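Here are the chains, one letter per residue:
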Amino acid sequence: MRFELMYESFFKIIEGIPLTLQVVSISTVLGLALAIIVALMRISGKKSMSIPAYYFVYLIRGTPLLLQLYFVYYGLGQFSFIRESILWPILKEPYWCGIITLTISTGAYSSEIIRGGILSVSKNFIEASGALGLNKIKTFLLITLPITVRQALPAYGNELILMVKASSLISIITLMEITGIARTIISKTYAPVEIFLVAGSIYLIINFIIVLAVGLAERKLGTVKAN
Amino acid sequence: MFEVFSFGASGWGDEMLMGTLMTVLVSASSLFLGILIGIIFAACKLSNIFILRIIANTYTTIIRGIPELLVIYLLFFGGSGAVMYIAKIFGYDGYIELNAFTIGTIAVGAISGAYSTEVIRGAVNSVHKGQFEAGKTLGLNGYGLYGKVIFPQVARIALPGIGNVWQITLKDTALISVTGLVEIMRQSRIAAGSTHEPFIFYTAAIILYLVITRLSNILFDKAENTYSKGFVSKGVL
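Calculation notes
- Residues numbered from 1 in each chain as written.
- Chains lettered and ligands numbered in written order.
- Predicted model: local features only at pLDDT ≥ 70, side-chain atom pairs only at ≥ 80, totals over all residues.
- Helix = DSSP H or I, 4+ residues; strand = E, 2+ residues; numbered from the N terminus.
- Buried ≥ 20, exposed ≤ 12 C-beta atoms within 10 Å, placed from the backbone.
- Contact = placed C-beta atoms within 7 Å.
- Core = buried A, V, L, I, M, F, W, Y, C linked by C-beta atoms within 7 Å.
- Nonpolar A, V, L, I, M, F, W, Y, C, P; charged D, E, K, R; others polar.
- Axes fitted to C-alpha atoms, helices over the stretch in contact; angles between N-to-C directions.
- Parallel < 35°, antiparallel > 145°, perpendicular 65-115°, else oblique.
- Left-handed = near helix turned anticlockwise from the far one by under 90°.
- pLDDT = per-residue confidence, 0-100.

1. Here's the deal with the overall build of chain B
So, point 1. When helices and strands are tallied, chain B shows eight helices and zero strands.
So, point 2. Moving toward the C terminus, one meets the helices and strands of chain B in the order α-α-α-α-α-α-α-α.
So, point 3. Looking at chain B residue by residue over its 237 residues, the buried ones come to 36%.
So, point 4. Put simply, of all contacts in chain B between residues at least 6 apart along the chain, 74% involve residues at least 24 apart.

2. Re the overall build of chain A
So, point 1. Helix and strand counts for chain A stand at 11 helices and zero strands.
So, point 2. For chain A, the N- to C-terminal ordering of α and β elements is α-α-α-α-α-α-α-α-α-α-α.
So, point 3. For the C-alpha atoms alone, the extent of chain A along its principal axes is close to 70 × 50 × 25 Å.
So, point 4. For chain A, the residues scored as buried account for 38% of the 227 residues in total.
So, point 5. Excluding contacts between residues fewer than 6 apart, the proportion of contacts in chain A whose partners are at least 24 apart in sequence is 78%.

3. Some details on the nonpolar core
So, point 1. Membership of the largest hydrophobic core comes to 107 residues, with the highest contact counts inside it found for L66(A), L67(A), A199(A), I72(B), A107(B) and A205(B).
So, point 2. In contact with I72(B), not counting residues within four places along its chain, are A107(B), L175(B), I176(B), V178(B) and T179(B).

4. Looking at the interface of chain A and chain B
So, point 1. Across the contact, 29 residues belong to chain A and 27 residues belong to chain B.
So, point 2. At the level of secondary structure, the elements contributing two or more residues to the side of chain A that touches chain B comprise α4 (65-75), α9 (136-166), α10 (178-189) and α11 (192-221) of chain A.
So, point 3. Tallying contributions element by element places α11(A) first for the side of chain A that touches chain B, with eight residues.
So, point 4. Of the residues assigned to the side of chain A that touches chain B, the class counts are 19 nonpolar, eight polar and two charged.

5. Notes on the packing of helix α1 (residues 13-46) of chain B against helix α6 (residues 143-172) of chain B
Residue and element names in this part refer to chain B.
So, point 1. Here α1 crosses α6 at 130°, and the two axes come no closer than 9 Å. One finds that α1 runs oblique with respect to α6. Crossing angle aside, the handedness with which α1 passes α6 is right-handed. Side by side, α1 and α6 meet where S27, S30, L31, G34 and I35 of the first sit next to I162, V165, W166, T169 and L170 of the second.
So, point 2. Residue classes in the contact of α1 with α6 are distributed as six nonpolar, four polar and no charged.

6. Some points on unusual backbone geometry
Residue and element names in this part refer to chain A.
So, point 1. The phi dihedral of Y190 is positive, around 55°, even though this residue is not glycine.
So, point 2. Summarising the element assignment, Y190 is placed in the loop between α10 and α11.
So, point 3. Residue classification places Y190 among the exposed residues on the basis of 11 C-beta atoms within 10 Å.

7. Observations concerning the environment of I100(A)
So, point 1. Relative to the elements of secondary structure, I100(A) occurs in helix α7 (residues 94-119).
So, point 2. For the pair I100(A) and I26(A), spaced 74 residues apart in the sequence, the C-alpha separation amounts to 9.6 Å.

8. Some remarks on the environment of A182(A)
So, point 1. Inspection of the secondary structure puts A182(A) in helix α10.
So, point 2. Linking A182(A) and S9(A), residues 173 residues apart in sequence, is a C-alpha distance of 8.1 Å.
So, point 3. Discounting residues that sit within four places of it in the chain, A182(A) has contacts with I13(A), I195(A), A199(A) and L70(B).

9. A few points about the environment of G65(B)
So, point 1. Of note, G65(B) is situated in helix α2 (residues 50-65).
So, point 2. For G65(B), a count of 21 C-beta atoms within 10 Å corresponds to the buried category.
So, point 3. Once residues lying within four places of it in the same chain are set aside, the contact partners of G65(B) are I161(A), Y203(A), L204(A) and N207(A).

10. Some thoughts on the packing of α10(A) against α11(A)
A packed helix pair is summarised by two numbers, namely the angle formed by the two axes and the spacing between the axes.
Residues and elements named next belong to chain A.
So, point 1. Two elements in contact, α10 and α11, have axes whose closest approach is 9 Å; the angle formed by their N-to-C orientations is 170°. Our classification of the angle between α10 and α11 gives roughly antiparallel. In this structure, α10 uses I178, T179, A182, I185 and I186 to contact α11, whose residues at the interface are P192, I195, A199, I202 and Y203.
So, point 2. Class assignment of the residues belonging to the contact of α10 with α11 gives a composition of nine nonpolar, one polar and no charged.

11. Brief notes about the confidence of the model for chain B
Residues and elements named next belong to chain B.
So, point 1. Chain-level statistics for chain B give a pLDDT mean of 89 and a share of 97% at 70 or above.
So, point 2. Per-element averaging of pLDDT across chain B places helix α3 (residues 68-89) at the bottom with 87 and α1 at the top with 95.
So, point 3. Predicted complex, confidence summary: ipTM 0.87, pTM 0.89.

12. Describing the confidence of the model for chain A
So, point 1. Residue-level pLDDT values for chain A average 92, and 98% of them are 70 or greater.
So, point 2. Ranking the elements of chain A by mean pLDDT puts helix α5 (residues 80-83) of chain A last with 82 and helix α2 (residues 17-42) of chain A first with 96.

Next comes the structure, spelled out in structure tokens:
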């Protein structure tokens, strides 16, 4: 075990933390908005809405994230109409391709979590809210949404951890975040075990903080009694 | 547009098909290895021995908290070294290089094993205590109790969970394309680079993954139905 190398590489690898966190947080926020739209489409009861949403989720959950990343980064650039469109300045950047892919991916996975959360809201609450004279939109915003947030929180915490792990894939399209830097050091020093321990610990610490934060939020929001 | 998928030397059809077979093969062997690991570590998690529980919990925490890509890099760059180190203890001093298939199977198997551990542990826990007691009362122990009474019940309960692990494992094998194993992902990259048609080949890869997913879903559903005979009567739920 080369401890000096571990010490040196630690300071190099932590330089990748801001990029990892940046990509994860931007795509989590965008992905959450997408997930809410997709979840509402799925439970809308209208076939023209629920069927596209179903197939979108099926497509994203059935294919590897790496393939989706290649598809966005290399596949879309093949067409001249995309290269000439106003989207090209965004689509040619690996940074934005990474964010787009992660947004779409977490949007699909989280939409299932949110859908489960919305469906878990007891009918009694909805009826009670109707009896109190609240309209559909107010019922959703004031009753369904807060309960959904609480119910979906544990599963969403897992999704956040999966996002941190998934963000490592953007290193393959040349972005130097934690895994990208770790890989470069491994190929230079040929010390896979040492670098794995350093980079792995950094990921474990990030994920541990997420677990603590989600646990805190869960306690703060209390529990929902269905009856 | 579709002539790029013709079979033979001019097209990529046969290569893509071989890549698909490789994906299925490496996924299946990883799942199998993962289940073996899962059985061992689930036993550790359920044992009364403190140190075994610590080891098993450390393993699942690490795998579930660290990106799969890092695990693959660790084994890709360090796998041969580790094997040579172990071989040296046993007196073999030569050079050993593991091929991409072996490394990929071990890496994805190790990842898959962490998920299988939780599935199997949950399944063992959900077997009623009375089954253990009844088995012991009948004088069964060891293989008789666990192999003949508990295992068939665990297998039935664990099957849907293992189906989920299979999906995760199948998708994780795309990551070993970075080590050079020619499966769907790697093959479509090679073809995309050579023909300058990335869109078509990545679309083909998406379809191939969806087909594998669909077919394996059908197989798992069939297996679930077979093994739940006598437990679930259709139309009740």
